[in-house]
Amino acid sequence: MANDTIAKDRPIISCRNLSKIYKMGDEEVRALDGVDLDIAEGEFVAIMGPSGSGKSSLMNLIGALDRPTSGEMWISGRALSEMSRDDLADLRNETLGFVFQQFNLLARQDAFQNVRLPLRYARRDLGDSDARAKECLQMVGLGDRMDHRPMQLSGGQQQRVAIARALANRPRILLADEPTGALDTKTTDEIMHLMQDLNRQGITVVVITHENEVAAYAGRKIHFRDGRIESDTAHPDVQRASGARP
Amino acid sequence: MKFGVATSSAAEALFSNPLRSLLTMLGIIIGVASVMVMMSIGEGAKAQIDKQISSVGTNVLTLRPGNMNRGGRNQGGGSGRPFAESDIAALTQLPFVQAATGTLSQSANAVSEEANWVSTIQGGDASYFDVNNWRVSEGREFTAQEVQSGAAVAVLGKTAAANLFPNGRAIGQRIRVNSVPIEVIGILESKGQSGGFGGDRDDTMVAPLGMVRNRITGGNRQVSRHVSGIQVLVQDGYEVLDAQEDITTLMRERRKIQPGEQDNFAVVNFADMIKQRAAATETMSMLLAFTAAVSLIVGGVGVMNIMLVSVTERTREIGLRMAIGARGGDILLQFLFEAIALCTLGGLIGMAMGWVGVFAYAQIANSPMMVSPIIIATALGAAASVGLIFGFFPARRAAQLDPIQALRHD
């Protein structure tokens, strides 16, 4: 319980005055313009907005894939500006899990090898990586498809493999960039239910989407417009995972 | 850095496009094959030269008369005033001389009861066998007494014996050398080809010097009891170069050469001459090595080119690997391993081809085949180094990619 309190007091993701400016020729594009944002551990957040509103830029920054032009951000208490390239790689490996719209699975490797990949880059000891990879695939319901290559799997199954891969290193945050953008309605529901389950197990989930059906699974919706937060609302029907716990 | 993931992904990339891998390896294959052939031929030649040196002996000095100028015309090597037997006696007095023998040779027609054979008759002293470290394998050597008395005996080289007595049993037989009847008393062990030094050294007949002079070659108008050359065996442990100098001094005195005048004789160390020839072979080897190096470099550039293409093609994959926690070093290692694996595999194929080449060369040129572990290690090492050197730039390029741009790459 004490841990929960600390987690609530100190957000797992924290951004202060975050700006990202791209130079396109002579023109400056302000993808993010002074964003302040806190996400507590255990939250399920949907980030919405039209294209060019800055939501993807924010995702890249939270995912430690990119550095802001100005402003500061903290992930599980660590200031990203003070971290080296290798530190950021380790942070992505240990703390973050990514799910992409295009799945980004390695075509030449089977599901098991894809899921095991982050474990092989891990620098801390995570135990038996083969067992963990199998466990993650079973968790997403693909225990019987481990030796299938991405080409032999449906879109929904591929995204499940990608989710299993994101879970392999037991991340605290799952970042999903339009995870259902390439899937039909039925599979979308399956994938989002899976994310909801993971969130109930305590993983903080941040999803970028432009679909209201997807955002409906989240406990909190943040709308972006022109690089700024337009609205930030808690969803009345869905309770925060951490809050749901007794 | 994680070696496991780097090696497995390198192997995977290598075999995912076998044709492209093979074409990329072509330069390396040719380079390594030529390194193999070049080194093997070089080593073979070196072994041959070593054998020659040991057959001549490193501490034997040979004295030859110099060239004679008559009316401003050079009469050619060995045409000058010959030596005398008294010179040999004087040389033997030198403290460092273990043994000395005069030599006097002439091409001669030998006839046995079974065959005719044109060979060389070589006159020598009893110490001829010591000085040349050449022993009889059958029969016996002639003695000092037989030399003194001018006995008509001879020891045959293997080739001469085989040609004069195709059925064997040469010892005790009589042959006629330029009509002089001579008894065969021994057969010398084989010395083999001397590679440019008079061809087959076994095609010879060795006989007492005085007898050869008196009955076959005839005397010299200027010098009584002459010899055309002297071989001196220098004692072990004595510096051959010093011996060469002392002998030159002594012979200048004996031949009454004034200071400032040129020597009219030469003191030659055949081992040195062979070594000089070996140096020439080495230059040739260096040239071949340079050619091999050039083809390895060209192969390396090919590898670099393909690796750069591969990095570009797999930019998204690199981005993904970075997103899930691969450090720059991991990516660097992955592509470096790929380049090294590509080159090492090419090296192995090249080595197999080089082996075939060396074998073919050995058959055609009838020279010994030498494929030592050092050659194999050098060839493989060279291939791997090419991979390391030319793989580094593309690998570093991959490692320095920006994760987000790599992920967005189409």
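See the structure above.
Within every chain, residues take consecutive numbers counted from 1 along the sequence as written. Chain letters start at A and ligand numbers start at 1, both assigned in the order the entries are written. Given that this is a predicted model, residues contribute local features only at a pLDDT of at least 70 and side-chain atom pairs are listed and counted only at 80 or more, while totals for whole chains, interfaces and linings are drawn from all residues. Here the side-chain values reflect all heavy atoms present in the structure, with hydrogen atoms and water set aside.

**Details of the sheet that holds strand S3 (residues 44-48) of chain A**
All names here are of chain A.
No. 1: Here a strand pair is declared whenever DSSP counts at least two bridges between the two strands. Secondary structure counts use DSSP, requiring at least four H or I residues in a row for a helix and at least two E residues in a row for a strand, with both numbered from the N terminus. On the basis of which strands lie adjacent, the open sheet formed by six strands has the order S6-S7-S8-S3-S9-S10 and mixed pairing. The sheet is open, and its two edges are formed by strand S6 (96-99) and strand S10 (228-234), each paired on a single side. Strand-to-strand twist of the sheet, defined as the mean angle between neighbouring strand axes without regard to direction, takes the value 15°.
No. 2: Bridge analysis of S3 against strand S9 (residues 220-225) gives four bridges, and the strand direction is parallel. Residue pairing in the sheet places Ile47 in a bridge with Ile222 of S9.
No. 3: Along the sheet face, helix H6 (residues 155-167) touches S6 and strand S7 (173-177) and points at about 170° away from the line of S6. Axes here refer to lines fitted to C-alpha atoms; in helices the fit is confined to the stretch in contact. Angles between the N-to-C directions go from 0 to 180 degrees. Contact definition: two residues touch when any of their heavy atoms are within 4.5 Å.

**Description of the nonpolar core**
No. 1: Throughout this description, the term nonpolar core refers to a set of buried Ala, Val, Leu, Ile, Met, Phe, Trp, Tyr and Cys residues connected via side-chain atoms within 4.5 Å. When a residue's accessible area, from a 1.4 Å probe over protein chains only, is under 20% of the maximum for its type it is buried; when over 50% it is exposed; and in between it is partly exposed. Counting 73 residues, the largest nonpolar core has Ile13, Leu58, Leu80 and Leu175 of chain A together with Ile28, Ile331 and Phe335 of chain B as the members making the most contacts within it.
No. 2: In this structure Ile28 of chain B touches Leu296, Gly299, Gly300, Val303, Cys343, Gly346, Gly347, Ala383 and Val386 of chain B, once residues within four positions along its chain are discounted.
No. 3: In this structure, Val99, Leu105, Ala133 and Leu142 of chain A belong to the second largest nonpolar core, which totals 39 residues.

**A few points about a nonpolar patch on the surface**
Residues and elements named next belong to chain B.
No. 1: Residues qualify for a patch when their relative accessible area is over 30% and they have no salt bridge, like charges being joined within 9 Å and the nonpolar side chains of Val, Leu, Ile, Met, Phe, Trp and Tyr within 5 Å. Each accessible area is a Shrake-Rupley estimate made with a 1.4 Å probe; only the visible protein chains count as cover when residues are assessed. Should a side-chain nitrogen of Lys or Arg be within 4 Å of a carboxyl oxygen of Asp or Glu, the pair is scored as a salt bridge. Side chains of Leu19, Leu23, Leu26 and Ile30 sit close together on the surface and give an oily, nonpolar patch of about 410 Å² of accessible area.
No. 2: With respect to the helices, strands and loops of the structure, Leu26 is situated in helix H2 (residues 18-56).
No. 3: Judged by relative accessible area, which is 43%, Leu26 ranks as partly exposed.

**So, the packing of helix H4 (residues 111-121) of chain A against H6 of chain A**
Residue and element names in this part refer to chain A.
No. 1: For the pair H4 and H6, interaxial distance at closest approach is 7 Å and the crossing angle is 30°. One finds that H4 runs roughly parallel with respect to H6. Taken as a pair, H4 and H6 cross one another with a handedness that is right-handed. Where H4 abuts H6, its residues Ala111, Asn114, Val115 and Pro118 lie against Val161, Ala164 and Arg165. We call two directions roughly parallel when the angle between them is under 35 degrees, roughly antiparallel when it is over 145, roughly perpendicular when it lies between 65 and 115, and oblique otherwise. A clockwise turn of the near helix away from the far one marks a right-handed crossing, whereas an anticlockwise turn of less than a right angle marks a left-handed crossing.

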